[in-house]
Each structure stands twice: as C-alpha cells, then as structure tokens.
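What follows is the residue order along each chain.
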Amino acid sequence: MQSQGDVSCAADDRKRKVFVKSYGCQMNVYDATRMTDVLAGEGYEETTAIEDADLVVLNTCHIREHASEKIYSELGKIRQLKQERAARGVDTKIAVAGCVAQAEGGEIQRRQPAVDLVVGPQNYHRLPELLRRTGNGAGVVDTEFPVEDKFDHLAPPTAEKIRSRGLSAFVTVQEGCDNFCTFCVVPYTRGAEVSRPVRQILDEVERLAASGVCEVSLLGQNVNAYHGEGPKGDAWSLAQLATRIAQVPGIARIRYTTSHPNDMRDDLIEAHRDLPQLMPFLHLPVQSGSDRILALMNRKHTAADYLRQIERIRAARPDIALSSDFIVGFPGETEEEFRDTLRLIEEVKFASAFFFKYSPRPGTPAAGMDEQVSEEVKAERLARLKALVDKQRDDFNHVMLGQTVEVLFEKPGRRPGQIGGKTPWLHAVHVDGPQELIGQTARAHIIEIGVNSLYGRLVDSQTEADH
Ligand code: SAH
Ligand code: SF4
Ligand code: F3S
C-alpha cells in the first residue's frame, strides 16, 4: 500500500515495528490489541523489544496519580532511545494513547516534546491518518469524542493474530461511565456510557471462536449496565447478550467485568443460576463499608444495599466467588468509618480484592474536599485491609484442597511437562499433563495450595494411567 507525505519509499520497503506498552485496566489490554490490528494494515508488525521499535505506543492509565506520573519517567527513557536511534539515522515515533492522553492532551507534548502523537481512546481507528500527519515538527493531538463509532472502523485481527494471543480473549461490550463517583476520572477519560450493538459483538466473538478462543471476558467500565441494540432494534441486557454468546460454537466460558452494585438486575443474577457457560465469579466493587463515605463518593447505595445484592446473588449461585475494589483514606474517612469497611469485608468473605490509597485526581469533586487523610494513615489502613483480604483469599484457596475441579487449560506450565489453566472461580492451576489438553477442559484433583496457584493431578489421565 502506497502512503503519501513524509514516509519515504525506502521506509515503506522495510517492515516497520511497533511496541505497545499498556498500563491500567483490562480495557487498555484489549485496546492495545485493537491498535496493533489497525497498525498491521499500515505495515507495522509487533515487537516486544522496544529498542527495535519504529513506533512506541504508551497506552496509559490516569486512575491514580502514581499511574499518571510513571508515564513521564517512561517517556524520558524513550526519548533517549529515540535520540540514540536518530544518531544511527533511524526515525522513531512516540505515541501516547489511553486515559492520560485523553485527560492531558497537548500538555503531554509540552512536558515531553519528543512525543509525536497524543491519541485518546475513542480515536484509535484514526491512528493511520494521525501517524501520517506526524513528522513535520509539530505534535499531533486527537482527543475528540468523535461522532462515528470507532468499532465500525477498527480492523479485525487475523486468525494468526488471534491464535498468538491465547485461548482467552477480552471483548469490550460497553465503554464509558455516567456514574461520576466523586473520586474517579473515568467518566472524563472514557466519556459517556455507550454499549456496542449485539451484532457487532457477536461478529467479533464468532471470529475469535473460529480461531480457537474458548473463553471471552466481556469488558466495560460499567458492564452490567450494558444495553446494546439487539437484532430487532430493542435494547438487550448483559444477561441476554451472555446467553446469546453462549450459543457461539466453541465458547465454553463467559466472564464479565466491571459491574456496579446498582446494576445487578434480576436477569443477570438468574443467568448465574441458569447459564452454565457464565462463570461463578463476580467482581463487584463496593469501595467502602461506611454509608457516609459511600454518599460522599456518590455511589448511590448503602452498605446494606450491597449486602442485599450479595445475598440475592448467593441465593441464585451459592458457590459464586466475589471480589471487590476498596479505597482507603477517602477525604474525611474516620477510623470508625474505616472499620465499617473491615466489618463489611468480614461479613461478605471475598475470594480476592483490589485496594487502593485514595489519590486526589485533578478535576474530580473529591480532590477539592476538606479533611484529606494523611499518607501515614492511608498506608496504615491499607496494610490492615490487605492483611484481612489476604487471609480471606488464602481461606478461599484452601477450600479447594482435596476437591476435583474443572480446569480450562490455557498454556504450558512453569515447569516442563506441566500445563496451566483456570478453575471456574479463577484460581490458577498447574498439573503435570500433555500439551494436547491445552484448549480443553479437564478435571483435576487439587493436591497442594500455593500462594498464587493451586497444584493438581489430572483425574481422567490418572484413571487411564491406572488401567
Ligand atoms: N469501572 C470500575 C472501576 C474503574 S477504576 C468500577 O466502577 O468499579 C478501578 C478502581 O480504581 C475503582 O474501583 C476504585 O477502587 C479505584 N480508584 C478509582 N479512582 C481512584 C482514586 N482517585 N484513588 C484511589 N483509587 C481509585
Ligand atoms: Fe469510576 Fe464510579 Fe464509573 Fe466506576 S462507576 S468507572 S468508579 S465513576
Ligand atoms: Fe485507567 Fe482508563 Fe482503565 S484511567 S483504569 S486505563 S479506564
């Protein structure tokens, strides 16, 4: 394909390489695949060696201050690399994508002039055109929220690409958020909540399944609020979508993340009871166990509301594993209010959890609240919360000892002769077993519990070996 402008014929002849580094959430991991698929059409092949890259893309996260600031130190290092390559007569382009790009726009190039392109998450379909506009000395910035649907214009992956990415794939079904929790930048960086149409998602899932994908994780910042256009123009719920995806040949497991407690509707809970492909794991962030803090966070539910939701879900699917996000040290959080969070954790018993020190984000209401909590207090509360959820995770893992579970084997294990996979509840499992089992579900008897994974023995192959 012939391109115009600054790209010389010699450069066109050479296969160009792109290196993408993603930070933050799973949606960024998914977006990275979509970006590399678009760039493949421009002759870029992926590399894992940054020093070989003609184009470096940092796919950034803005969620906490630490995540954002990391980008600038990384950009400093990449600038050096760019200079070294320039001394050898090789051009390197630097692009900043993701949520920092959306939030800071042109400011990024003011802080780091070596950056050629800043592109927000809604504009990845425009990458080829934007890249062509770089190189004339001025930086290119695109952080508009376009009217067109980027998914209509993003190139699909080839079968070879899908196979190289493994058996489990992410699929964004909903993007953006209208909840405006007072601590959170996501409504500003990802924009208003938008659900993809059912047909578009099914096309993507069918393509993935045709190339061997057997597990899909449906992604959205508020995924259980999904209300995409169905085949007859009506709005489908996440439960309807999951039920339809379960009919795609080859799809053995369906997961979804992240959900909001206020959007756990009856049909989704019933799907956890009735749809065997829907895995018994639910990430349902609560953030705090204190009603006063929840109100200040604009979560629009109380701790009791959350516990009621958990009760409904457990009534439908008693073995469901639950996980959550917690923020400690939100402005004004007292010791007693923090203990309310610990009490809620004690009551629910989580399989796992993510926990963060509150980080004031520019432009969000909570950043301007009085009574910001000191770093020392945040650190101390975080350690106490961590100890509790670590203990709950260990308890949850130990329940598996001696049990026989279905494991979807996804990849070779750490040691030769081993294979690794996941239980329905997301435990990582390793067994000694044949590579041919990769891509299949088999039963394993759990014989040992490690810190991060379980060890098992294949039940069926054991039986075969015995006979
Ligand atoms: N869409 C998801 C979460 C997005 S961010 C949801 O609504 O649950 C992931 C987690 O980061 C949040 O659940 C929250 O616990 C944490 N987080 C977001 N903003 C934060 C901030 N300013 N400081 C600390 N943690 C934050
Ligand atoms: Fe952020 Fe709240 Fe929306 Fe989650 S629900 S993305 S925490 S604003
Ligand atoms: Fe981070 Fe944006 Fe995801 S801020 S958590 S990359 S939606």
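Remember, predicted model here, so these are calculated numbers, not experimental data. (Residues numbered from 1 in each chain as written. Chains lettered and ligands numbered in written order. Predicted model: local features only at pLDDT ≥ 70, side-chain atom pairs only at ≥ 80, totals over all residues. Heavy atoms only, no water.)

Once that is clear, we can look at the overall build of the chain. Helix and strand content of the chain: 17 helices and 21 strands. A compact globule built from 467 residues should have a C-alpha radius of gyration of about 23 Å, and the chain, at 23 Å, falls within 12% of that. Along the first, second and third principal axes, the C-alpha set of the chain runs to 65 × 65 × 50 Å. Relative to its full complement of 467 residues, the chain shows a buried share of 53%. Of the contacts formed within the chain by residues at least 6 apart in sequence, a portion of 70% connects residues at least 24 apart. Surface summary for the chain: the accessible area is close to 20900 Å², and the carbon and sulfur share equals 52%. (Helix = DSSP H or I, 4+ residues; strand = E, 2+ residues; numbered from the N terminus. Rg over C-alpha atoms; globule rule 2.2 N^0.38 Å. Buried < 20%, exposed > 50% of the residue type's maximum accessible area, 1.4 Å probe, protein only. Contact = heavy atoms within 4.5 Å. Areas by Shrake-Rupley, 256 points an atom, 1.4 Å probe, with all protein chains shown as cover.)

On to the pairing of strand β10 (residues 215-219), then. For β10, the tally of buried residues reaches 5 of 5 residues, placing the bulk of the element in the interior. Residue alternation in β10 divides its side chains into two sets, E215, S217 and L219 and V216 and L218, and both sets are buried. Of the strand pairs in this sheet, strand β7 (residues 168-172) and β10 are connected by 5 bridges, and their pairing is parallel. When the sheet's bridge partners are listed, T172 is paired in β10 with L219. Sheet topology places β10 next to strand β13 (residues 253-257); 5 bridges connect them, and they run parallel. The residue bridging V216 from the neighbouring strand is I254, located in β13. (Pairing = 2+ DSSP bridges.)

Residues V216, L218, L241, I245, I254 and Y256 are the most contacted members of the largest nonpolar core, which totals 55 residues. Examining the composition of this core, we find that 6 residues originate from one element, helix α10 (residues 198-210), more than from any other. Both domains that meet at this core, namely domain 2 (156-279) and domain 3 (285-395), each give it at least three residues. Leave out the neighbours within four places in its chain, and I245 touches I201, L202, V205, V216, L218, I251 and I254. Residues V18, M35, A95 and F151 belong to the second largest nonpolar core, which totals 21 residues. (Core = buried A, V, L, I, M, F, W, Y, C linked by side-chain atoms within 4.5 Å. Domains from an automatic or database assignment.)

With respect to topology, 6 strands assemble into an open sheet ordered β2-β1-β3-β4-β5-β6, the strand pairing being parallel. Among the strands making up the open sheet, the edge pair consists of β2 (44-46) and β6 (140-142). Neighbour to neighbour, the strand axes of the sheet diverge by 20° on average, direction disregarded. In this structure, strand β3 (residues 55-60) lies alongside strand β4 (residues 93-97), joined through 5 bridges in parallel fashion. Across the sheet, the residue bridging to V57 is A95, located in β4. Across the face of the sheet, helix α3 (residues 65-87) comes into contact with β1 (16-22), β3 and β4 while running at roughly 180° to β3. (Axes fitted to C-alpha atoms, helices over the stretch in contact; angles between N-to-C directions.)

A word on the site of ligand 2. With respect to spatial proximity, the complete set of residues near ligand 2 consists of C177, N179, F180, C181, F183, C184, V186, P187, H260 and R299. Residues that form the shell around ligand 2 fall into these classes: 7 nonpolar, 2 polar and 1 charged. (Near = heavy atom within 4 Å. Nonpolar A, V, L, I, M, F, W, Y, C, P; charged D, E, K, R; others polar.)

Burial within β13 is extensive, with 5 of its 5 residues counted as buried. Here β13 shows no split at all, with R253, R255 and T257 on one side and I254 and Y256 on the other all buried.

Inspection of the secondary structure assignment puts D340 in helix α15 (residues 335-348). Sequence separation between D340 and G289 is 51 residues; the distance between their C-alpha atoms is 4.9 Å. Other than its neighbours up to four places away in sequence, D340 contacts G289 and S290.

Here the focus is the domain arrangement of the chain. Parsing the chain into structural domains produces domain 1 (7-142), domain 2 (156-279), domain 3 (285-395) and domain 4 (404-466). The distance between the C-alpha centroids of domain 1 and domain 2 comes to 27 Å. For the pair domain 1 and domain 2, the two sides together bury roughly 1600 Å², of which 55% comes from carbon and sulfur. The tally of links between domain 1 and domain 2 comes to 4 salt bridges. Between R34 and E204 there is a salt bridge whose closest N-O contact spans 3.1 Å. Applying the counting criterion to the domain 1 and domain 2 interface returns 10 residue pairs in polar contact (both at pLDDT 80 or more). At the level of elements, α2 (26-40) and α4 (98-104) are the ones that each hand at least two residues to the side of domain 1 that touches domain 2. Among the elements that line the side of domain 1 that touches domain 2, the one with the most residues is α2, at 10 residues. When the residues that make up the side of domain 1 that touches domain 2 are grouped by side-chain class, the tally is 7 nonpolar, 7 polar and 4 charged. (Buried area = accessible area lost by both parts, 1.4 Å probe. Salt bridge = Lys/Arg side-chain N within 4 Å of Asp/Glu carboxyl O. Polar contact = N/O pair within 3.5 Å; in protein donor to acceptor, adjacent residues only side chain to side chain.)

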